[in-house]
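What follows is each chain in one-letter form.
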Amino acid sequence: MCGIVGYIGEQQAAPVLLDGLAKLEYRGYDSAGIAVYNGHEIEMVKSVGRLKVLSELTHDGTTLVGKSGIGHTRWATHGSPSNDNAHPHYNKDGSIVVVHNGIIENYMKIRKMLQNKGYEFNSDTDTEVVAHLLDYYYTGSPLSTIIKVLQRIEGSYALGIMFKEFPEQVFAVRKDSPLIVGHTKDGNILASDVPAVLKYTRSVYFIENYEIVCLEKDKMTFYNIDEDELEKEPTTIEWDVAAAEKGGYEHYMLKEMYEQPKAVKDTIYPSDSRIVDGRVVIKELSMSDEDIKNIKKIYIVACGSAYHAGVTGKYVIEGLTRIPVEVDLASEFRYRSPIYEDNSIVIIISQSGETADSLAALRDAREHGVRVLGIVNVVGSSIAREADSVMYTWAGPEIAVATTKAYSAQLIALYLLGMNFAQVRNTITEDKMSSLIKDLAKLPDQIEMLLASKEKVQRFANRYIAAQNVFFIGRGIDYAISLEASLKLKEISYIHSEAYAAGELKHGTISLIEEGTLVSAVLTQEHLYKKTISNMVEVRSRGAFVLAVTTEGNTEVEKAADYVIYIPQTNEYFTNSLAIIPLQLFGYYVAVGKGCDVDKPRNLAKSVTVE
Ligand code: AGP
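Each residue is numbered by its place in its chain's sequence as written, counting from 1. This being a predicted model, a pLDDT of at least 70 is required before a residue's local features are given, and a value of 80 or more before pairs of side-chain atoms are given or counted; all residues contribute to the totals for chains, interfaces and linings. The side-chain values count all of the structure's non-hydrogen atoms but skip hydrogen atoms and water molecules.

Caption draft 1: Structural detail: the overall build of the chain. Per the secondary structure count, the chain includes 18 helices and 27 strands. Partly exposed residues are those whose accessible area sits between 20% and 50% of the maximum for their type, while under 20% is buried and over 50% is exposed, using a 1.4 Å probe and protein chains only. Evaluated residue by residue, the chain yields a buried proportion of 63% over its 611 residues. Within the chain, contacts between residues separated by at least 24 positions form 70% of all contacts whose residues are at least 6 apart in sequence. If the 63 positive side-chain charges of the chain are averaged to one point and the 81 negative ones to another, these points end up 4 Å apart. Only DSSP runs of H or I covering at least 4 residues are called helices, and only runs of E covering at least 2 are called strands; the numbering of each starts at the N terminus. Pairs of residues are marked as contacts when any of their non-hydrogen atoms sit within 4.5 Å. Only four residue types enter the tally: Lys and Arg on the positive side, Asp and Glu on the negative side; His and the chain ends are excluded. In this description, the location of a charge corresponds to atom NZ of lysine, CZ of arginine, CG of aspartate or CD of glutamate.

Written out as structure tokens, the structure reads:
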């Protein structure tokens, strides 16, 4: 997903832009570019490939002289990765330059209109229409020109804009794509996300939809679409640069796997602890006991791993509260005209808080008057700000594209929610609640212990570097964790993998099992052990090699598995938090063994802010 940066101040702009783009690399990209006002024109350099290429072309930015500029990392949506398609884009005489994150959905219509008026295009991108439209509507006032363009374009955007005639100013505006701005010690900076500015400031302004900001070297001014000046309050970012760095690990993903005990602990006991005197207290819910007692249905809506956490959440919340829970993929939910029952709530789960499909689902629910709770990791993100209430997962910045610690923290948030609702609705006894709280408190240490046995998993993973197909099976909550284990493997190792409800295999897919096919079976639900063991026997008798992940003491599994990994005892609802650890490590070590780019897998982005 693209990233934008901008700077104006006393420093040379190019090195600041390159540094900011480097901090946005995690978002995934295939080309990059920067533009700097050099005193008489806006000079631009673009390149395909990694930022290293752009740095080499500009000798780490030193060949581009000037104190104001904008930059971009492009994740191709319209048009292949190429110099022409890389941003920044500019109007015909280079007097207006633009960088953009998002999609201009009506760009073809605008492109045709402009071409009929004699405009020529150098790229296949949607973004280039913005540069020419700014030229077409140019009134001599950057602000009113920008506003005219906003009234014409549809879709999502975070735009950085420079006008040669106004070299003392850099403009930015957003709709649906994230945008922040902040003061540095000698200027002002804009970016798509916090890591790009943390080196300069931890006091940032989150820009809302249709807000326009004008950055000058010693001030910034906010406007609404009527050109009225706005007052905005900054947000202080608590986590530090080190937290967003690799800290000596080979990959961000490994570092973040090892941060899971802390992420889990911080989500159970944030500064405002969610366990108080033996009870679960979630102040940020802003729901009265009456509200909770009246809930008739819960919809959990998310994408990818967040969706998988939601599947676990369904089993846990239904099991503890008997409230019906429906889990939906956000990209499906928003287009199926969902039928909202009275007294229902929608839970949107999102690490980034910027996923376009999840944000759209949130807006659909709110348009229908349904209360929305966000379970979000990035403070101040769009989903966090637009939900009625937000329950943060305190996992800290997650840089690796493949989520681990944020996913684990999402599970914890869902456990706490289920426990809180069960407590209010009296669907579990005091004894059950205290036993759940005890087991919850043990999870960080148990995760730590599982991480310590990584060598065992690494040795096993090395056998499967050449695997073509891997299956992950389980029943009930063990199916939920199989979904996540499968995604972890395929998104970073590029090995095809499928998660299957163990009981469903025999209805067709078992035909794919061949000699040596790896099948991972998760067995943590005692009442389902025997059923899953019979499924293991089924695949093993057809040649599969069976890996079992099961709870300590369940040794009967050994008769049906070729390799067994044991996880510690915990409450049946919490087992996903433990079973996922060896399965994350498995995916990681297979990918490392294959020499894949573990932190930035091909074709993927950390946050998918486009449809
Ligand atoms: C998970 O490893 C992937 N990065 C992806 O499935 C991700 O979970 C999904 O895109 C949702 O992202 P979000 O949590 O930021 O909304």
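So much for the structure itself; the text now carries on.
Caption draft 2: Looking closely at the site of the ligand. A molecule or strand has a residue near it when one of that residue's heavy atoms lies within 4 Å. Around the ligand sit 14 residues in total, of which Ser350, Ser352, Thr355, Val401 and Glu491 are the nearest. Any pair of nitrogen or oxygen atoms within 3.5 Å is treated as a polar contact; in protein, a donor-acceptor pairing is required on top of that, and neighbouring residues in sequence qualify only through side-chain atoms on both sides. Between the ligand and Thr403, the relevant distance is 2.9 Å, taken from an oxygen atom to a main-chain nitrogen or oxygen of the residue. Contact distances for the ligand include 2.5 Å between an oxygen atom and a side-chain N or O atom of Glu491. A 1.4 Å probe and the Shrake-Rupley method give the accessible areas. Residues count as covered only by the protein chains that appear here. Protein contacts shield 90% of the accessible area of the ligand, which totals 410 Å² for the unbound molecule. Mapped onto the shell around the ligand, the elements with two or more residues apiece are helix H9 (304–321) and helix H16 (477–493). Taken together, the residues that form the shell around the ligand break down as five nonpolar, seven polar and two charged. Throughout this entry, Asp, Glu, Lys and Arg are counted as charged residues, while Ala, Val, Leu, Ile, Met, Phe, Trp, Tyr, Cys and Pro are counted as nonpolar. The remaining residues, Gly among them, count as polar.

Caption draft 3: A look at the packing of aromatic side chains. Aromatic contacts are taken between Phe, Tyr and Trp rings whose centres are within 6.5 Å, Trp giving its six-membered ring; a plane angle under 30 degrees counts as stacked, one over 60 as edge-to-face, and the others as tilted. Across all of its chains, the model carries 18 aromatic pairs by this definition. Aromatic side chains Tyr119 and Tyr136 sit 6.3 Å apart centroid to centroid with 80 degrees between the ring planes, which places their arrangement in the edge-to-face category. With Tyr119 in the loop between helix H3 (107–116) and helix H4 (128–137) and Tyr136 in helix H4, this residue pair connects regions lying 17 residues apart in the sequence. A residue is classified by how much of its surface remains accessible, and Tyr136, at 34% relative accessible area, is partly exposed.

Caption draft 4: Here's a closer look at the side chain of Asn554. In this fold, Asn554 is placed in the loop between strand E26 (545–551) and strand E27 (563–567). Judged by relative accessible area, Asn554 falls into the buried class, the value being 4%. A distance of 2.7 Å separates polar atoms of two side chains, one belonging to Asn554 and the other to Thr550. Each residue touching Asn554, except ones within four places of it in the same chain, is listed here: Leu523, Tyr529 and Tyr566.

Caption draft 5: Representation of the sheet that holds E26 within the structure. Pairing within the open sheet is parallel, and its five strands lie in the order E24-E23-E25-E26-E27. The open sheet has two edge strands, strand E24 (496–501) and E27, and neither has a second partner. With strand direction ignored, the average angle separating the axes of adjacent strands in the sheet is 20 degrees. Strand pairing is assigned whenever DSSP detects at least two bridges linking the two strands. By the bridge criterion, six bridges tie strand E23 (residues 469–474) to E24 in an arrangement that is parallel. A fitted line through C-alpha atoms serves as each axis, taken over the contacting stretch for helices, and the angle formed by two N-to-C directions is quoted from 0 to 180°.

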